[in-house]
Amino acid sequence: MAQYIERYQRRRLISSYFSVVLSIALVLFLLGVLGMLVLNTKKLADHFKEQITISVFLKDNAKPVEIDQLQKSLAMADYTKSALYVSKEDAAEQYSEDIGENFQEFLGYNPLKNSVDVNLKAAFVSPEQVEEIAAGIASKTYVDEVSYDKPLLSLLNDNVKKLSLWILIASAIFTFIAVLLINSSIRLSIYSKRFIIKTMQMVGATKKFIRKPFITTNLKLGILGSLLALLALAVVLYYVNSSFPELNLFQDLTVLIILFSGVLLLGILISYISTYFATQRFLNLRTDDLYY
(Lines give C-alpha, C1' and ligand atoms only; values in the text may rest on other atoms or scores of the structure.)
Protein backbone atom coordinates (compact mmCIF):
# COMPACT_ATOMS: atom_id res chain seq x y z
CA MET A 1 0.00 0.00 0.00
CA ALA A 2 2.82 2.37 0.92
CA GLN A 3 4.57 1.66 -2.39
CA TYR A 4 1.35 2.38 -4.30
CA ILE A 5 0.92 5.72 -2.51
CA GLU A 6 4.56 6.56 -3.18
CA ARG A 7 4.20 5.79 -6.90
CA TYR A 8 1.00 7.80 -7.02
CA GLN A 9 2.66 10.80 -5.37
CA ARG A 10 5.63 10.50 -7.75
CA ARG A 11 3.34 10.46 -10.78
CA ARG A 12 1.50 13.51 -9.49
CA LEU A 13 4.80 15.31 -8.92
CA ILE A 14 6.07 14.47 -12.41
CA SER A 15 2.74 15.51 -13.93
CA SER A 16 2.88 18.80 -12.04
CA TYR A 17 6.44 19.49 -13.18
CA PHE A 18 5.58 18.53 -16.77
CA SER A 19 2.62 20.92 -16.89
CA VAL A 20 4.76 23.77 -15.54
CA VAL A 21 7.58 23.12 -18.04
CA LEU A 22 5.14 22.76 -20.95
CA SER A 23 3.25 25.96 -20.12
CA ILE A 24 6.50 27.91 -19.74
CA ALA A 25 7.89 26.50 -23.01
CA LEU A 26 4.75 27.22 -25.05
CA VAL A 27 4.30 30.75 -23.73
CA LEU A 28 7.97 31.66 -24.14
CA PHE A 29 8.04 30.16 -27.65
CA LEU A 30 5.14 32.33 -28.78
CA LEU A 31 6.71 35.30 -27.04
CA GLY A 32 10.00 34.55 -28.82
CA VAL A 33 8.27 34.46 -32.21
CA LEU A 34 6.65 37.80 -31.46
CA GLY A 35 10.00 39.17 -30.26
CA MET A 36 11.58 38.08 -33.53
CA LEU A 37 8.91 40.02 -35.40
CA VAL A 38 9.56 43.10 -33.26
CA LEU A 39 13.34 42.94 -33.76
CA ASN A 40 12.96 42.32 -37.49
CA THR A 41 10.10 44.71 -38.24
CA LYS A 42 12.46 47.16 -39.93
CA LYS A 43 14.15 44.39 -41.92
CA LEU A 44 10.79 43.09 -43.12
CA ALA A 45 9.63 46.59 -43.99
CA ASP A 46 12.88 47.30 -45.84
CA HIS A 47 12.55 44.05 -47.78
CA PHE A 48 9.11 45.01 -49.08
CA LYS A 49 10.16 48.59 -49.79
CA GLU A 50 13.07 47.41 -51.91
CA GLN A 51 10.67 45.47 -54.13
CA ILE A 52 9.29 48.76 -55.48
CA THR A 53 10.60 49.18 -59.03
CA ILE A 54 11.05 52.39 -60.99
CA SER A 55 10.91 51.63 -64.74
CA VAL A 56 12.83 54.13 -66.87
CA PHE A 57 11.63 53.83 -70.48
CA LEU A 58 14.02 55.15 -73.12
CA LYS A 59 13.29 56.81 -76.43
CA ASP A 60 13.87 54.79 -79.58
CA ASN A 61 16.51 57.25 -80.74
CA ALA A 62 18.54 56.97 -77.54
CA LYS A 63 22.16 56.22 -78.37
CA PRO A 64 23.86 53.10 -76.92
CA VAL A 65 26.43 55.30 -75.17
CA GLU A 66 23.66 57.30 -73.53
CA ILE A 67 21.89 54.13 -72.39
CA ASP A 68 25.14 52.71 -70.99
CA GLN A 69 25.94 55.99 -69.24
CA LEU A 70 22.44 56.14 -67.70
CA GLN A 71 22.57 52.56 -66.49
CA LYS A 72 25.98 53.07 -64.87
CA SER A 73 25.05 56.40 -63.29
CA LEU A 74 21.87 54.90 -61.82
CA ALA A 75 23.76 51.85 -60.53
CA MET A 76 26.26 54.12 -58.74
CA ALA A 77 23.64 56.48 -57.26
CA ASP A 78 23.29 56.58 -53.45
CA TYR A 79 19.62 55.69 -53.61
CA THR A 80 20.00 52.64 -55.89
CA LYS A 81 20.06 49.04 -54.74
CA SER A 82 20.10 47.63 -58.27
CA ALA A 83 19.75 48.93 -61.83
CA LEU A 84 19.06 46.44 -64.61
CA TYR A 85 18.93 47.25 -68.32
CA VAL A 86 16.12 45.45 -70.18
CA SER A 87 16.14 45.59 -73.97
CA LYS A 88 12.86 45.78 -75.89
CA GLU A 89 13.54 42.30 -77.30
CA ASP A 90 13.99 40.78 -73.82
CA ALA A 91 10.91 42.61 -72.59
CA ALA A 92 8.86 41.28 -75.54
CA GLU A 93 10.04 37.74 -74.90
CA GLN A 94 9.16 37.94 -71.21
CA TYR A 95 5.75 39.46 -71.94
CA SER A 96 5.01 36.73 -74.50
CA GLU A 97 5.81 34.10 -71.86
CA ASP A 98 3.53 35.83 -69.35
CA ILE A 99 0.50 35.98 -71.67
CA GLY A 100 1.18 32.64 -73.36
CA GLU A 101 1.28 33.90 -76.97
CA ASN A 102 3.50 35.92 -79.29
CA PHE A 103 1.84 39.33 -79.43
CA GLN A 104 4.38 40.57 -82.04
CA GLU A 105 2.93 38.22 -84.66
CA PHE A 106 -0.49 39.71 -84.02
CA LEU A 107 0.65 43.36 -84.04
CA GLY A 108 3.36 42.99 -86.64
CA TYR A 109 5.90 44.97 -84.61
CA ASN A 110 7.33 45.33 -81.09
CA PRO A 111 5.68 48.28 -79.29
CA LEU A 112 7.81 47.95 -76.17
CA LYS A 113 10.77 50.17 -75.33
CA ASN A 114 14.23 49.68 -73.94
CA SER A 115 14.21 50.34 -70.23
CA VAL A 116 16.21 50.37 -67.03
CA ASP A 117 14.53 48.85 -63.96
CA VAL A 118 15.71 50.54 -60.77
CA ASN A 119 15.17 49.16 -57.26
CA LEU A 120 15.77 51.72 -54.55
CA LYS A 121 17.32 51.31 -51.13
CA ALA A 122 14.68 51.18 -48.39
CA ALA A 123 15.81 54.48 -46.83
CA PHE A 124 14.82 56.32 -50.03
CA VAL A 125 11.42 54.68 -50.51
CA SER A 126 8.86 57.30 -49.59
CA PRO A 127 6.34 59.06 -51.88
CA GLU A 128 8.24 62.36 -51.71
CA GLN A 129 11.73 60.94 -52.29
CA VAL A 130 10.66 58.59 -55.09
CA GLU A 131 8.82 61.45 -56.83
CA GLU A 132 11.97 63.59 -56.62
CA ILE A 133 14.18 60.78 -57.96
CA ALA A 134 11.76 60.02 -60.79
CA ALA A 135 11.60 63.69 -61.78
CA GLY A 136 15.40 63.90 -61.88
CA ILE A 137 15.64 60.86 -64.16
CA ALA A 138 12.79 62.04 -66.41
CA SER A 139 14.58 65.34 -67.06
CA LYS A 140 17.11 63.62 -69.31
CA THR A 141 16.42 64.18 -73.00
CA TYR A 142 16.69 60.52 -74.04
CA VAL A 143 14.25 59.32 -71.34
CA ASP A 144 10.72 58.84 -72.66
CA GLU A 145 8.88 58.05 -69.42
CA VAL A 146 9.51 57.13 -65.79
CA SER A 147 6.91 54.84 -64.27
CA TYR A 148 6.28 53.33 -60.84
CA ASP A 149 3.25 52.21 -58.83
CA LYS A 150 2.30 55.31 -56.81
CA PRO A 151 -0.78 53.82 -55.08
CA LEU A 152 1.24 50.77 -54.01
CA LEU A 153 4.03 52.96 -52.66
CA SER A 154 1.63 55.06 -50.55
CA LEU A 155 -0.18 51.94 -49.33
CA LEU A 156 3.10 50.26 -48.43
CA ASN A 157 4.31 53.20 -46.33
CA ASP A 158 0.99 53.49 -44.50
CA ASN A 159 0.85 49.77 -43.78
CA VAL A 160 4.44 49.65 -42.53
CA LYS A 161 3.65 52.33 -39.93
CA LYS A 162 0.46 50.56 -38.86
CA LEU A 163 2.24 47.21 -38.70
CA SER A 164 5.01 48.57 -36.47
CA LEU A 165 2.47 50.12 -34.09
CA TRP A 166 0.30 47.00 -33.82
CA ILE A 167 3.29 44.70 -33.32
CA LEU A 168 4.44 46.85 -30.39
CA ILE A 169 0.94 46.83 -28.88
CA ALA A 170 0.60 43.07 -29.38
CA SER A 171 4.02 42.53 -27.80
CA ALA A 172 3.06 44.46 -24.68
CA ILE A 173 -0.26 42.62 -24.34
CA PHE A 174 1.24 39.22 -24.98
CA THR A 175 4.10 39.80 -22.52
CA PHE A 176 1.52 40.60 -19.84
CA ILE A 177 -0.47 37.46 -20.71
CA ALA A 178 2.72 35.37 -20.67
CA VAL A 179 3.56 36.54 -17.16
CA LEU A 180 0.02 35.72 -15.97
CA LEU A 181 0.02 32.22 -17.52
CA ILE A 182 3.44 31.22 -16.18
CA ASN A 183 2.58 32.71 -12.79
CA SER A 184 -0.70 30.74 -12.69
CA SER A 185 1.03 27.45 -13.55
CA ILE A 186 3.64 27.89 -10.82
CA ARG A 187 1.07 29.00 -8.26
CA LEU A 188 -1.05 25.91 -8.97
CA SER A 189 1.97 23.64 -8.50
CA ILE A 190 2.78 25.32 -5.18
CA TYR A 191 -0.89 25.30 -4.13
CA SER A 192 -0.81 21.49 -4.05
CA LYS A 193 2.01 21.70 -1.47
CA ARG A 194 0.46 24.39 0.72
CA PHE A 195 -0.01 21.99 3.67
CA ILE A 196 3.66 20.96 3.50
CA ILE A 197 4.62 24.64 3.57
CA LYS A 198 2.46 25.30 6.61
CA THR A 199 3.69 22.14 8.38
CA MET A 200 7.31 23.17 7.91
CA GLN A 201 6.47 26.63 9.21
CA MET A 202 4.72 25.19 12.29
CA VAL A 203 7.77 23.13 13.26
CA GLY A 204 9.94 26.23 13.26
CA ALA A 205 11.41 26.46 9.72
CA THR A 206 12.14 30.01 8.59
CA LYS A 207 10.42 31.50 5.55
CA LYS A 208 13.72 31.69 3.70
CA PHE A 209 14.43 28.02 4.40
CA ILE A 210 10.95 27.01 3.19
CA ARG A 211 11.11 29.14 0.03
CA LYS A 212 14.56 27.97 -1.05
CA PRO A 213 13.69 24.45 -2.37
CA PHE A 214 10.58 25.76 -4.17
CA ILE A 215 12.57 28.57 -5.81
CA THR A 216 15.40 26.20 -6.78
CA THR A 217 13.01 23.64 -8.28
CA ASN A 218 10.96 26.16 -10.23
CA LEU A 219 14.07 27.95 -11.49
CA LYS A 220 15.23 24.62 -12.93
CA LEU A 221 11.80 24.11 -14.48
CA GLY A 222 11.90 27.67 -15.84
CA ILE A 223 15.32 27.09 -17.41
CA LEU A 224 14.17 23.78 -18.89
CA GLY A 225 11.02 25.37 -20.30
CA SER A 226 13.07 28.25 -21.72
CA LEU A 227 15.51 25.86 -23.40
CA LEU A 228 12.64 23.91 -24.97
CA ALA A 229 11.15 27.20 -26.20
CA LEU A 230 14.51 28.27 -27.66
CA LEU A 231 14.92 24.90 -29.41
CA ALA A 232 11.47 25.22 -31.01
CA LEU A 233 12.20 28.86 -31.90
CA ALA A 234 15.50 27.90 -33.54
CA VAL A 235 13.72 25.26 -35.66
CA VAL A 236 11.08 27.79 -36.78
CA LEU A 237 13.71 30.43 -37.59
CA TYR A 238 15.71 27.90 -39.61
CA TYR A 239 12.61 26.90 -41.57
CA VAL A 240 11.60 30.52 -42.24
CA ASN A 241 15.14 31.46 -43.26
CA SER A 242 15.30 28.46 -45.61
CA SER A 243 11.94 29.36 -47.16
CA PHE A 244 12.70 33.10 -47.43
CA PRO A 245 16.51 33.42 -47.73
CA GLU A 246 16.21 37.06 -48.76
CA LEU A 247 15.28 37.94 -45.14
CA ASN A 248 18.76 36.85 -43.92
CA LEU A 249 17.50 36.10 -40.39
CA PHE A 250 20.86 34.65 -39.33
CA GLN A 251 22.89 37.50 -40.77
CA ASP A 252 22.72 39.68 -37.66
CA LEU A 253 23.89 37.45 -34.79
CA THR A 254 23.49 40.31 -32.30
CA VAL A 255 19.72 40.30 -32.81
CA LEU A 256 19.56 36.52 -32.30
CA ILE A 257 21.70 36.70 -29.15
CA ILE A 258 19.47 39.45 -27.73
CA LEU A 259 16.33 37.45 -28.56
CA PHE A 260 17.53 34.12 -27.17
CA SER A 261 19.04 35.72 -24.06
CA GLY A 262 15.83 37.69 -23.48
CA VAL A 263 13.65 34.56 -23.69
CA LEU A 264 15.95 32.65 -21.29
CA LEU A 265 16.19 35.51 -18.79
CA LEU A 266 12.44 36.12 -18.95
CA GLY A 267 11.74 32.46 -18.16
CA ILE A 268 14.12 32.56 -15.18
CA LEU A 269 12.88 35.91 -13.91
CA ILE A 270 9.18 35.06 -14.10
CA SER A 271 9.78 31.67 -12.46
CA TYR A 272 11.69 33.27 -9.59
CA ILE A 273 9.23 36.10 -8.95
CA SER A 274 6.14 33.87 -9.27
CA THR A 275 7.59 31.24 -6.92
CA TYR A 276 8.66 33.83 -4.37
CA PHE A 277 5.27 35.51 -4.12
CA ALA A 278 3.31 32.24 -4.33
CA THR A 279 5.20 30.71 -1.40
CA GLN A 280 5.02 34.00 0.48
CA ARG A 281 1.24 34.01 0.08
CA PHE A 282 0.83 30.55 1.61
CA LEU A 283 3.34 31.34 4.34
CA ASN A 284 1.23 34.32 5.39
CA LEU A 285 -2.07 32.40 5.38
CA ARG A 286 -3.64 31.08 8.55
CA THR A 287 -4.05 27.32 8.80
CA ASP A 288 -7.85 27.56 8.46
CA ASP A 289 -7.50 29.52 5.21
CA LEU A 290 -5.56 26.71 3.54
CA TYR A 291 -8.79 24.77 3.00
CA TYR A 292 -10.29 27.46 0.74
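Just above, that's the structure.
The structure contained in this document is the topic of the report that follows. (Residues numbered from 1 in each chain as written. Predicted model: local features only at pLDDT ≥ 70, side-chain atom pairs only at ≥ 80, totals over all residues. Heavy atoms only, no water.)

Here's the deal with the packing of helix α8 (residues 194–202) against helix α10 (residues 253–284)
To characterise two packed helices, one gives the angle between the axes of the helices and the distance between these axes. As a packed pair, α8 and α10 sit with axes 9 Å apart at the nearest point and diverge in direction by 60°. Classified by the angle their axes make, α8 and α10 are oblique. Considering how the two elements wind past one another, α8 and α10 form a crossing that is right-handed. In contact with R194, I197, K198 and Q201 of α8, α10 contributes T279, F282 and L283. In the contact of α8 with α10, the residues fall into three nonpolar, two polar and two charged. (Axes fitted to C-alpha atoms, helices over the stretch in contact; angles between N-to-C directions. Helix = DSSP H or I, 4+ residues; strand = E, 2+ residues; numbered from the N terminus. Parallel < 35°, antiparallel > 145°, perpendicular 65-115°, else oblique. Left-handed = near helix turned anticlockwise from the far one by under 90°. Contact = heavy atoms within 4.5 Å. Nonpolar A, V, L, I, M, F, W, Y, C, P; charged D, E, K, R; others polar.)

What about the packing of aromatic side chains?
For the structure shown, the criterion picks out three aromatic pairs. Relative to F124, the ring of Y79 lies with its centre 6.4 Å away and its plane at 70°, an arrangement referred to as edge-to-face. Note that Y79 is positioned in the loop between α3 (64–76) and β2 (80–86) and F124 in the loop between β3 (115–120) and α6 (127–138), a separation of 45 residues in sequence. Judged by relative accessible area, F124 falls into the partly exposed class, the value being 27%. Aromatic pair Y272 and Y276: ring centres 6.4 Å apart, planes at 25°, arrangement stacked. With a gap of four residues between them, Y272 and Y276 both fall in helix α10, about one helical turn apart. Linked through ring pairs, Y272, Y276 and F277 together constitute an aromatic cluster. (Phe/Tyr/Trp six-rings, centres within 6.5 Å; stacked < 30°, edge-to-face > 60°. Buried < 20%, exposed > 50% of the residue type's maximum accessible area, 1.4 Å probe, protein only.)

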